Amino acid sequence: MATKSTGGTEKTKSTEVKKKLNVLIVDDDPLNRRLHEMIIKTIGGISQTAKNGEEAVILHRGGASFDLILMDKEMPERDGVSTTKKLREMKVTSMIVGVTSLADQEEERKAFMEAGLNHCLEKPLTKAKILPLINHLVGA
């Protein structure tokens, strides 16, 4: 089931976000979920995880909302493309960032973007890759 983790103290340096960012991490790989949680925590954000797209949809149906969703592409039960499409159909306005090892394959990336992503990043996700998007999101 979904898990929740809170970040540490907030800092206003350029390497930190200025407000608590609420992030949903959707990935079937426990190692990737943990890595993404650690990145969000280091920038002062709060994260919740879902093991697949279906869990992400259920969270939103239950009233959860997030500033940012980090979405893996290939997952069991409901993949990132169909999850992103479903969330957009549900009028979810969160920034959705695809995180995939397929980011460099143009056809796959295009299909993922057309599902409703705001951005697509290649694994492994790093603080340096995600921080510009987060700063843009929070208006830093």
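Each chain has its residues counted from 1, running along the sequence as written. Local features in this predicted model are restricted to residues whose pLDDT is 70 or higher, and side-chain atom pairs enter the listing and the counts only when it is 80 or higher, whereas totals over whole chains, interfaces and linings include all residues. Side-chain calculation: all heavy atoms of the structure are included, whereas hydrogens and water are not.

Participant: Sorry if this is basic, but what is going on with the pattern of salt bridges here?
Facilitator: A side chain with one charge can pair with a side chain of the opposite charge if their charged atoms come near. By salt bridge we mean one thing: a side-chain nitrogen of Lys or Arg within 4 Å of a carboxyl oxygen of Asp or Glu. What the rule picks out here adds up to six salt bridges. Arg-34 is the partner of Glu-37 in a salt bridge, and the nearest nitrogen-oxygen pair spans 3.6 Å. Of this pair, Glu-37 and Arg-34 both sit in helix H1 (residues 30-42), three residues apart, which is roughly one turn of that helix. Each residue gets one of three labels from its accessible area relative to the maximum for its type: buried under 20%, exposed over 50%, partly exposed in between, using a 1.4 Å probe on protein chains only. Owing to a relative accessible area of 10%, Glu-37 belongs among the buried residues under this scheme. Put simply, DSSP H or I for four residues or longer makes a helix, DSSP E for two residues or longer makes a strand, and each gets a number counted from the N terminus.

Participant: Help me understand the pairing of strand E5 (residues 95-100), please; the structure alone is not making it clear to me.
Facilitator: Taken residue by residue, a regular strand's side chains alternate between the two faces of the sheet. Burial analysis of E5 places six of its six residues in the buried class, the great majority of the element. Every second residue of E5 is oriented toward a common face, with Met-95, Val-97 and Val-99 on one face and Ile-96, Gly-98 and Thr-100 on the other, all of them buried. Two strands qualify as a pair provided DSSP detects at least 2 bridges between them. Examined bridge by bridge, strand E4 (residues 68-72) and E5 share five bridges and lie parallel to one another. Within the sheet, the bridge partner assigned to Leu-68 lies in E5 and is Met-95. Crossover E4 to E5 through helix H3 (residues 80-89) is right-handed. When E5 meets strand E6 (residues 119-122), the two strands line up parallel, connected through four bridges. The residue of E6 that forms the bridge with Val-97 is His-119. The handedness of a crossover follows from its direction of travel: if, with the strands pointing away from the viewer, the path from the first strand over the helix to the second runs clockwise, the crossover is right-handed.

Participant: Explain H3 to me, please; I cannot follow it from the model alone.
Facilitator: Because the α-helix completes a turn every 3.6 residues, residues three or four places apart line up on one side. The set of residues buried in H3 consists of Gly-80, Val-81, Thr-83, Thr-84 and Leu-87. Around the axis of H3, the buried residues are gathered within 165° of arc, so they sit on the same side. Here, residues are in contact when the closest pair of their heavy atoms is within 4.5 Å. For H3, the elements touching its buried residues are helix H2 (53-61), E4, E5 and helix H4 (106-114). Here a polar contact is recorded for every N or O atom pair within 3.5 Å, except that within protein the pair must consist of a potential hydrogen donor and a potential acceptor, and residues adjacent in sequence are included only if both atoms are side-chain atoms. At the N-terminal boundary of H3, the capping side chain belongs to Asp-79, with an oxygen 3.3 Å from the backbone nitrogen of Val-81. Backbone geometry just downstream of H3 places Lys-91 in the positive-phi region, at approximately 70°. This arc describes the spread of directions from the helix axis toward the C-beta atoms.

Participant: What exactly am I supposed to notice about the packing of H2 against H3 here?
Facilitator: Each pair of packed helices gets described by two things: the angle between the helix axes and the distance between those axes. Fitted lines through C-alpha atoms give the axes, limited to the stretch in contact for helices. The angle between two N-to-C directions lies from 0 to 180 degrees. At a closest axis distance of 9 Å, the pairing of H2 and H3 adopts a crossing angle of 15°. Looking at the two axes, H2 sits roughly parallel to H3. Crossing of H2 against H3: the hand is right-handed. Residue-level inspection shows Gly-53, Ala-56, Val-57, His-60 and Arg-61 of H2 in contact with H3, the latter providing Thr-83, Lys-86 and Leu-87. Relative orientations are named as follows: roughly parallel for angles under 35 degrees, roughly antiparallel for angles over 145 degrees, roughly perpendicular for angles from 65 to 115 degrees, and oblique for any other angle. Left-handed describes a crossing whose near helix is turned anticlockwise from the far helix through less than a right angle; right-handed describes the clockwise counterpart.

Participant: What's the story with a negative patch on the surface in this structure? I'm lost.
Facilitator: A grouping of Asp-28, Asp-29, Glu-74 and Asp-79 is seen on the molecular surface, where their side chains present a negatively charged patch. If you trace the backbone, Asp-79 turns up in the loop between E4 and H3. Candidates for patches are residues over 30% relative accessible area with no salt bridge; among them, like charges are joined within 9 Å and nonpolar side chains (Val, Leu, Ile, Met, Phe, Trp, Tyr) within 5 Å. Computed with a 1.4 Å probe, the accessible areas rest on the Shrake-Rupley method; for each residue, only the protein chains presented here act as cover. Charged-residue counts in this description rest on Lys and Arg as positive and Asp and Glu as negative, His and the chain ends being excluded. For charged residues, the charge sits on one atom: NZ in Lys, CZ in Arg, CG in Asp, CD in Glu.

Participant: Sorry, what's going on with the side chain of Asn-52 here?
Facilitator: Checked against the element boundaries, Asn-52 lands in the loop between strand E3 (46-50) and H2. Residue Asn-52 is classed as buried on the basis of its relative accessible area of 6%. In this structure the side chain of Asn-52 is engaged in a polar contact, spanning 2.9 Å, whose partner is the backbone nitrogen of Glu-55. Side-chain polar atoms of Asn-52 contact the side chain of Glu-77, separated by 3.3 Å. Leave out the neighbours within four places in its chain, and Asn-52 touches Val-26, Met-75, Pro-76, Glu-77 and Arg-78.

All we've got here are geometric facts, nothing functional implied.
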